[in-house]
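Chains, contacts and geometry: an overview
Take a look at the letters that make up each chain.
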Amino acid sequence: MEKHFLNEYVTGEPEFRPEPWYNPHGDCIIYQTADEAVVRERVDEFLTVYHSALDNRVIGYQIKDVTAIIKKFGLVGLAVQSEQNGTRITSISASALLLAAYEDGLPSLRRREAYAEAISGPACTIPVSQIC
Amino acid sequence: MTGPTNYKCHTVDPDNPMGPRITVEIPADLYTRFYKYNPVRYENLRAVKHVLDNPRRIFWGVRKYNQGGWCYVGKPEEWYIKPGVVVPFPENKVFTVYVNPLRRVYEYGAEPAASDDPSCPIDWKSTDRYRGLKWKSTS
């Protein structure tokens, strides 16, 4: 494989981090639990599930239109409070966001299975300051 | 001192496919993040560049609440499936690259190909998925 076209712009030692993060370019939360190629399965307008290209197991998800979900449902019920080094931090719960997104669509077995699969992962939060 | 800059790719203009190519950017914060924390995704930015250079289909209207945006679809020859492992890109998949209204890449990956058009992702005709097919390659 030839040299990566972006290698001259990056430095440091890569280290995979399985943590959710807010992508402002797509107004979405991306959560990937394994450093493997992703096969995307679009579930609905809010949720895309990531499957491993190696063995098809679920390795994460993308929650789309995050600010629209927050606007519609409000921070109450989506936010959790914590304290770090004496500073109070408000974060969004990814599970609460997924529940809100699920409520917004028509019920179907596939949706229910996919949302349940996404919610069953480790509890994740993202600081509100990263989103709003 | 300046930080890394957005990488500029040149691709088909969905609104004027026969005209000059437009610039679509890969944001510096996106590729830096993938380089640091998601190395396989970083490697597969090669596939993103390939698809933008050689799109087969372009769809418009990819979000319900964020208006605009495009999905460029293509088939790279190969891709990384885990660190250090490159394999041919599967025949039954397409590689999709999502571009926001500011013409910046924000998401990408493989998706199952449609049975009625193997250059499109599955469910491409569903109106709640895309607003429509904007352009298709004739080659």
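See the structure shown above.
Residue positions within a chain follow its written sequence, with the count starting from 1. Chain letters and ligand numbers both follow the written order, the letters beginning at A and the numbers at 1. At least 70 in pLDDT is required for a residue's local features to be given in this predicted model, at least 80 for side-chain atom pairs to be given and counted, and no such filter applies to totals for whole chains, interfaces and linings, which use all residues. Water and hydrogen atoms play no part in the side-chain values, which are based on all heavy atoms of the structure.

Take the overall build of chain A next. A run of H or I in DSSP counts as a helix once it spans at least four residues, and a run of E counts as a strand once it spans at least two, with each numbered from the N terminus. Along its length, chain A carries 4 helices and 8 strands. From first element to last, N terminus to C terminus, chain A shows the α and β order β-β-β-β-β-α-β-β-α-α-β-α. Across its three principal directions, the C-alpha atoms of chain A cover 50 × 45 × 25 Å. Burial analysis of chain A (132 residues in total) assigns 48% to the buried set. For chain A, restricting intrachain contacts to residue pairs at least 6 apart in sequence, the fraction spanning at least 24 positions comes to 43%. Burial classification: accessible surface area is computed with a 1.4 Å probe over protein chains only, and a residue below 20% of its type maximum counts as buried, one above 50% as exposed, and the rest as partly exposed. Two residues form a contact once any of their heavy atoms are found within 4.5 Å.

This part is about the side chain of His51(A). Residue and element names in this part refer to chain A. By the element assignment, histidine 51 lies in strand β4 (residues 47-52). Within the structure, histidine 51 has its side chain in polar contact with the side chain of glutamate 41 (distance 2.9 Å). In this structure, histidine 51 is in contact with Ala37, Val38, Val39, Glu41, Asn56, Arg57, Val58 and Ile59, ignoring residues within four places of it in sequence. Under this definition, polar contacts are N or O atom pairs within 3.5 Å; protein pairs additionally need one hydrogen-donor-capable and one acceptor-capable atom, and for neighbouring residues in sequence, both atoms have to be side-chain atoms.

Time to look at the packing of aromatic side chains. Residues and elements named next belong to chain B. Aromatic contacts are taken between Phe, Tyr and Trp rings whose centres are within 6.5 Å, Trp giving its six-membered ring; a plane angle under 30 degrees counts as stacked, one over 60 as edge-to-face, and the others as tilted. The tally for this structure, following the rule as stated, stands at 15 aromatic pairs over all chains. Considering the side-chain rings of tryptophan 79 and phenylalanine 89, the 5.0 Å spacing of their centres and the 70° angle between planes classify their relative orientation as edge-to-face. Of the two residues, tryptophan 79 sits in strand β5 (residues 78-82) while phenylalanine 89 sits in the loop between β6 (85-88) and β7 (93-99), which places them 10 residues apart along the sequence. Judged by its relative accessible area of 3%, tryptophan 79 falls in the buried class.

Moving on, we come to the side chain of Asp117(B). All names here are of chain B. Examined against the element boundaries, aspartate 117 turns out to sit in the loop between β8 (105-112) and β9 (132-136). Accessibility expressed as a relative area gives 10% for aspartate 117, which makes it buried. A polar side-chain atom of aspartate 117 sits 3.1 Å from a polar atom in the side chain of arginine 57. Residues in contact with aspartate 117, not counting those within four places in the same chain, are Arg57 and Trp124.

The next subject is unusual backbone geometry. Although it is not a glycine, Asn85(A) adopts a positive phi angle of roughly 55°. Within the secondary structure, Asn85(A) sits in the loop between β6 (79-84) and β7 (87-93). We classify Asn85(A) as exposed; its relative accessible area is 79%. Positive phi is not limited to glycine here, since Arg103(B) has a value of about 60°. Mapped onto the elements of the fold, Arg103(B) is located in the loop between β7 and β8. With a relative accessible area of 30%, Arg103(B) lands in the partly exposed category.

Moving on: the interface of chain B and chain A. Listed per partner, the contact involves 49 residues of chain B and 43 residues of chain A. The buried area of a pairing is the accessible area, by a 1.4 Å probe, that goes missing from both parts when the two are put together, added over both. Buried area between chain B and chain A, both sides added, is near 4000 Å², and the carbon and sulfur share of it is 56%. Contact with chain A buries surface across chain B, with Tyr35(B), Tyr37(B) and Arg46(B) losing the most and accounting together for 16% of the total. The term salt bridge refers to a side-chain nitrogen of Lys or Arg lying within 4 Å of a carboxyl oxygen of Asp or Glu. Between chain B and chain A we count 6 salt bridges in total. For the pair chain B and chain A, the number of links is 26 residue pairs in polar contact (both at pLDDT 80 or more).

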